[in-house]
Amino acid sequence: VDDTGTFRVLVVPPGAAYTPALEKLQRCTFCSDTCRPDASCDQAGPAPGPAPVDAAFLLDGSRNVGAAEFEDLRGFLQALLDHFEVAAEPETSVTGDRVALVSHAPPGFLPGTRRSPVRSEFNLTTYGSRRLMKRHVATAVRQLHGDALVGHALQWTLDNVFLRAPNPRRNKVIFVISAGETSPWDGETLQRESLRAKCQGYALFVVSLGPTWSAQELADLASPPLDHHLVQLGRIHRPDHGYSVRFVRAFINSVRRAINKYPPINLKTKCHRLSSTNPKQPLQQLHSFAPGPHKAALKGVAFQEAKFFQARKFLSRIVRSGRDGATHNFTSSTSLTFKTGKRVVTSAAQRGEGGDRPIWP
């Protein structure tokens, strides 16, 4: 499915003989005479022009990514940009590709606040050339070092990148470059927003680069079939980037040629249920994230839930390591921060002093 036009796919039904297919391959491909074509061969017309796409890259800039690995990712992104025919006038033209880049996640983000879960590097109408996009990636993209927020980043991208861009393209693609699992409290948002994107006709392509990953999370995120929309490298290595670039190149051309259907037919029931139970809601007004000190207006419930999760995770590690004094001190300071988890944290620390692992409700 590349852009050379030299591939021919012959489908042989299960249990059928291969001989007729091979004879047709010899007669109509290897021995084809363009001046005197065989009447039994399908005559392909001129290849259609490339269908333009709107594409957004969601870059994992969380603490899951090492500093050296993040530098490699920037080179990887620049290589991927070479496979787009970028529109010179992205805001007014109806032809040519448009590309956006969003990175996640800023440190200290909590759900239910007005702070953005992403940093918008550039939107679909910012740049009209690959050269300018590559320069931005090389000079302006920085790692954010927060918790992974794939679901919230996807939600923000749908509402603030695609829905606000003029002259939308028929083909809409979201590339998720992930270096590990998203945060546990982000999982429900990831499931909901990925299904929403698929039902609205977006193609979701996932490049999984981290050493740790969740098979269920990747299946929820990538569009079906997974072998067309998911590439797992296990770890980030420079030699793997070439393979990923070729894989993405084939995927982009499959989108242009409508090889797969978006939304997928096998999601028809889920999409119908989603549209009937979750009508379209107004866009959320989120402040763009800017590096530097920023005090968010936190909502009480979301703040307590997120803080409790962070404290619980840290306390569990301390208890398992057997540092009883540190556990006691951490419990005391935590109980002053939030009241919801005071009883649970205190009792957990007491069990930890006895050598047992805490049991969390």
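Counting of residues starts from 1 at the beginning of each chain's written sequence and follows it residue by residue. This being a predicted model, a pLDDT of at least 70 is required before a residue's local features are given, and a value of 80 or more before pairs of side-chain atoms are given or counted; all residues contribute to the totals for chains, interfaces and linings. Excluded from the side-chain calculations are hydrogens and water; all other atoms, namely the structure's heavy atoms, are used.

The name that an unreviewed UniProt entry assigns to the chain is Collagen alpha-6(VI) chain-like, with the source organism given as Carlito syrichta.

*Asks:* Which residues make up the environment of Arg98, and what values do they have?
*Replies:* Only DSSP runs of H or I covering at least 4 residues are called helices, and only runs of E covering at least 2 are called strands; the numbering of each starts at the N terminus. Tracing the backbone through its elements, the reader meets Arg98 in strand 2 (residues 98–104). Throughout, exposure labels follow a simple rule: accessible area from a 1.4 Å probe, protein chains only, divided by the maximum for the residue type, with under 20% read as buried, over 50% as exposed, and the rest as partly exposed. The exposure class of Arg98 is buried, given its relative accessible area of 1%. In the structure, Arg98 is positioned 30 residues away from Gly128 in sequence and 7.9 Å away in space, judged by C-alpha atoms. With residues near it in sequence (within four places) discarded, Arg98 still touches Val53, Asp54, Ala55, Pro90, Leu124, Thr125, Ala165, Pro166, Asn167, Pro168 and Arg169. N or O atoms closer than or at 3.5 Å make up a polar contact, with two conditions inside protein: a donor-capable atom paired with an acceptor-capable one, and, for residues adjacent in sequence, both atoms drawn from side chains. Within the structure, Arg98 has its side chain in polar contact with the side chain of Asp54 (distance 2.9 Å). Only heavy atoms matter for contacts: two residues are in contact if any of them lie within 4.5 Å across the pair.

*Asks:* I'd like a description of the packing of aromatic side chains, backed by residues and values.
*Replies:* The rule is short: rings of Phe, Tyr and Trp, with Trp giving its six-membered ring, pair when the centres are within 6.5 Å, and they are stacked under 30 degrees, edge-to-face over 60, tilted in between. Scanning all chains against the criterion turns up 11 aromatic pairs. Taking 5.7 Å as the distance between ring centres and 55 degrees as the angle between the ring planes, the aromatic pair formed by Phe205 and Phe247 counts as tilted. Highlighted residues: Phe205 in strand 5 (residues 202–208) and Phe247 in helix 8 (residues 238–256), separated in sequence by 42 residues. Assigned by exposure class, Phe205 and Phe247 land together as buried. Considering the side-chain rings of Phe205 and Phe251, the 4.6 Å spacing of their centres and the 35 degrees angle between planes classify their relative orientation as tilted.

*Asks:* Which residues make up the pairing of strand 4 (residues 171–178), and what are the values?
*Replies:* Taking burial as the measure, the eight residues of strand 4 include seven buried ones, the bulk of the element. Two strands form a pair only when DSSP identifies at least two bridges running between them. Where strand 1 (residues 53–60) lies against strand 4, seven bridges are found, and the strand directions are parallel. Opposite Asp54, over in strand 4, you have Lys172 as the bridge partner. Where strand 4 meets strand 5, seven bridges bridge the pair, whose relative direction is parallel. Bridged to Val173 within strand 5 is Ala203. For a crossover, the right-handed case is the one in which the path from the first strand over the helix to the second runs clockwise, viewed with the strands pointing away from the viewer. Where the polypeptide runs from strand 4 across helix 5 (residues 187–199) and back to strand 5, its parallel neighbour, the crossover connection is right-handed.

*Asks:* Report on unusual backbone geometry, specifying residues and quantitative values.
*Replies:* Residue His104 is joined to Ala105 through a cis peptide bond whose omega torsion reads 10 degrees. With respect to the helices and strands, the residue Ala105 is situated in the loop between strand 2 and strand 3 (119–122). For the bond running from Tyr262 to Pro263, omega is 0 degrees, close enough to zero to count as cis. Structurally, Pro263 is set in the loop between helix 8 and helix 9 (268–277). A positive phi is found at His145, a non-glycine position, where the angle reads about 70 degrees. On the secondary structure map, His145 appears in the loop between helix 3 (130–139) and helix 4 (150–162). Even without a glycine there, the phi angle at Ala258 is positive, about 55 degrees. By secondary structure assignment, the location of Ala258 is in the loop between helix 8 and helix 9.

*Asks:* Let's hear about the nonpolar core: which residues, and what values?
*Replies:* Here, the term nonpolar core denotes a set of buried Ala, Val, Leu, Ile, Met, Phe, Trp, Tyr and Cys residues that are joined through side-chain atoms within 4.5 Å. Counting 36 residues, the largest nonpolar core has Phe57, Phe84 and Phe175 as its most contacted members. Mapped onto this core, the elements with two or more residues apiece are strand 1, helix 2 (67–81), strand 2, helix 3, strand 4, strand 5 and helix 8. Core analysis: the second largest hydrophobic core is formed by 25 residues, Leu124, Ile174, Val176 and Leu230 among them.

*Asks:* Account for the state of the cysteines, naming residues and giving values.
*Replies:* When the sulfur atoms of two cysteines come within 2.5 Å, that pair is taken as a disulfide. By the definition in use, this model includes two disulfides. Paired by a disulfide, Cys28 and Cys41 hold their sulfur atoms 1.9 Å apart. Here Cys28 and Cys41 share a disulfide; its torsion about the S-S bond, -80 degrees, makes the bridge left-handed. Of this pair, Cys28 sits in helix 1 (residues 19–30) while Cys41 sits in the loop between helix 1 and strand 1, placing them 13 residues apart in sequence. The residues Cys28 and Cys41 share a single accessibility class, namely buried. Here Cys199 pairs with Cys271 through a disulfide, and the sulfurs are 2.0 Å apart. Classification of the bridge connecting Cys199 and Cys271 rests on its S-S torsion, roughly -85 degrees, and on that basis the disulfide is left-handed. Within this pair, whereas Cys199 is found in helix 5, its partner Cys271 is found in helix 9, the two being separated by 72 residues in sequence. Sequence-ordered numbering of the bonded cysteines in the chain yields a pairing of 1-2, 3-4.

*Asks:* Before we move on, could you go through the sheet that holds strand 4 and cite the residues and values that matter?
*Replies:* Within the open sheet, the six strands sit side by side as 3-2-1-4-5-6. Their pairing is mixed. Of all the strands in the sheet, the pair left with one neighbour each is strand 3 and strand 6 (230–232). Recorded for the sheet is a direction-independent mean angle of 15 degrees between the axes of neighbouring strands. Inspection of the sheet shows strand 2 paired to strand 3 by three bridges, in the antiparallel sense. By the bridge assignment for strand 3, Leu101 is matched with Phe122. Whenever a helix is involved, its axis is fitted only over the stretch in contact; in every case the axis is a line through C-alpha atoms, and angles between N-to-C directions fall within 0 to 180 degrees. Here helix 3 sits on the sheet in contact with strand 2 and strand 3, set at roughly 140 degrees to strand 3. Sitting on the sheet, helix 4 touches strand 1, strand 2, strand 3, strand 4 and strand 5, and the angle it makes with strand 1 is about 150 degrees.

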